[in-house]
Amino acid sequence: MRITTMAETMRFILIDKIISLESGKAIKAIKSVSLAEEYLADHFPTFPVLPGVLLLEGLIESASWLVREAENFAHSMLLLEEARNVKYKSFVAPGAQVEYTVEAKTVEDNISSFTGFGESDGERIVEARFGLRHFNLSDEDSTMAATDAKIIENMKKRWELLR
Amino acid sequence: MAMNRDEIFQEVQEVLIDALGVDNNEVTTEATLMGDLGAESIDFLDIVFRLEKAFGIKIPREELFPAESLMNNPELVNNGKLTETGLAELREKLPHTDLAAFENDPDINKLGDLFTVGAIVNYVDIKLNAA
Amino acid sequence: MSNPADSFNIGRTSAEMRWIWIDKFVEFHSGESAVAVKNVTLAEEHLHDHFPGFPVMPETLMIEAMAQTSGILVGEAKNFQEKVILAKVKKCVFFDYVKPGDTLKLAAKIESIAPEAASISGKITCGEKLIAEIDLMFSHIDRNLAGKEFPEENFVFTDTFKSLLQGLSSDDGSSDALESGQD
């Protein structure tokens, strides 16, 4: 069994810090892009830029934190349900920072919808409309309650690091 | 395919709602694609592809949205405005658009205003009836 | 050829493995459609963050897997001469999540293709289950994005991506021919 610490497994977190939060309404977060991010070597060789899907991931994570905070960490699983009109307008290179701005259109018990954009150095990089779904594994399988609790506990710790 | 203007408008409206993520009350005949509906380069291509599928026609992109090549041609633009030659080219390329207002002040930055929902409906109407 | 399956294995160095989200193509109809597969495994470290305690493949990486499947399809249609990049996710919908041990099948189809761009529709399935529907647009960046600077050479389609197509004949992608080991 592989024993991991929080620091060891920070490989799929696409925001670095939450810079503002209006509970249940809007959130802003930043992500710094560094050559230390391994995938940049492949994307692209000679022209490293943050992959478009990871820009979308930054928007999704920002929205997820808005929901988790607003619902007081009621659910363990927050997943992208749909996204539309996700447009990529420019590139973000190592050394630059992206600022994500996400506004909630609706936040209900199990679903939420958002519009969001990312900007870097005053230039718009990405914009999207998207919706999340939120649930607990125990909704379908009561034996998963302990797993839900574990995920939620981890998310609360991560929240303390990010906010 | 015989379609009247209303039917064409409905279909064009749906295409623009899907491609641009706007609401149907924003897609009026006078609405400009760039200014009012927020369309950009990649959206123009998305719109052309969708119109081709929706109406079963082939749309050379230059035919529907010729602005870019005109704007970048130094022979047709002088001091940010289209020259007479430029205007003549534009009239030839956009038979489906009313250019009167633009001709009064042929500022290339205003070329975008020519691309209205109505202009698209006109274009499709002409294409379908020419077939 | 000793084992047809070997022709699908790509010679990767560890330096090239950090942003490939498909494992191999199983069908390829040049200019029309393609099918790739991806195994989801606990050996993928990023899963441990998403989420700690219950790893699932992030939806955005599923979008990327579809983008790679369809991007190669579009690129190959133009002989890899254009730098083809993801410009717009028209729409994506996810019906279920995916766990380690699952194998994804990614089916992409070219809906429209023009000199400046291409539009594709895609479906991701896991066994019988529909996982996602993803519609994308690619832009051929030399023809768009005026004013942005980028290198001349085609940095998008590296040898790693092109080698995913080894062993597949590009004008006949029927899986029957592939299984029997014939070209």
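This is a predicted model, so every value here is computed, not measured.

Reading guide: rules and limits
Residues numbered from 1 in each chain as written. Chains lettered and ligands numbered in written order. Predicted model: local features only at pLDDT ≥ 70, side-chain atom pairs only at ≥ 80, totals over all residues. Pairing = 2+ DSSP bridges. Helix = DSSP H or I, 4+ residues; strand = E, 2+ residues; numbered from the N terminus. Axes fitted to C-alpha atoms, helices over the stretch in contact; angles between N-to-C directions. Contact = placed C-beta atoms within 7 Å. Nonpolar A, V, L, I, M, F, W, Y, C, P; charged D, E, K, R; others polar. Core = buried A, V, L, I, M, F, W, Y, C linked by C-beta atoms within 7 Å. Buried ≥ 20, exposed ≤ 12 C-beta atoms within 10 Å, placed from the backbone. Domains from an automatic or database assignment.

J.: Looking at this structure, how should I read the sheet that holds strand β5 (residues 111-120) of chain A?
T.: To summarise the sheet geometry, strands pair through backbone hydrogen bonds and adopt either a parallel or an antiparallel arrangement. Across the sheet, 12 strands lie side by side as β1(A)-β2(A)-β4(A)-β5(A)-β6(A)-β3(A)-β3(C)-β6(C)-β5(C)-β4(C)-β2(C)-β1(C); this open sheet has antiparallel pairing. Of all strands in the sheet, those with a lone pairing partner are β1 (17-22) of chain A together with β1 (24-29) of chain C, marking the two edges. On average, each strand axis in the sheet is inclined to that of its neighbour by 25°, with strand direction left out of account. Taken together, the five bridges between strand β3 (residues 77-88) of chain A and strand β3 (residues 84-94) of chain C define a ladder with antiparallel strand orientation. Counted as the bridge partner of A:Ala83 is C:Cys92 from β3(C).

J.: Sorry if this is basic, but what is going on with the interface of chain C and chain A here?
T.: A common way to report how large an interface is uses the accessible area buried once the components associate. On the chain A side, the residues contacting the 34 residues of chain C number 38 residues. Of all the secondary-structure elements, those providing two or more residues to the side of chain C that touches chain A are α1 (59-77) and β3 of chain C. Top contributing element to the side of chain C that touches chain A by residue count: β3(C), with eight residues. The residue inventory of the side of chain C that touches chain A, partitioned by class, reads 19 nonpolar, six polar and nine charged.

J.: Where do I start with the nonpolar core in this structure?
T.: One broad rule of soluble globular proteins: the nonpolar side chains tend to lie buried together. Counting 115 residues, the largest nonpolar core has A:Leu56, B:Val12, B:Leu16, C:Met66, C:Leu106, C:Leu136 and C:Phe138 as its most contacted members. Here this core gets 10 residues from one element, more than from any other, and that element is helix α1 (residues 52-70) of chain A. Counting residues domain by domain, this core receives three or more from each of domain 1 (1-59 + 115-131) and domain 2 (66-114) of chain B. Leaving out residues up to four positions away in the same chain, A:Leu56 has contacts with A:Ala83, A:Val86, A:Val126, A:Ala128 and C:Thr60.

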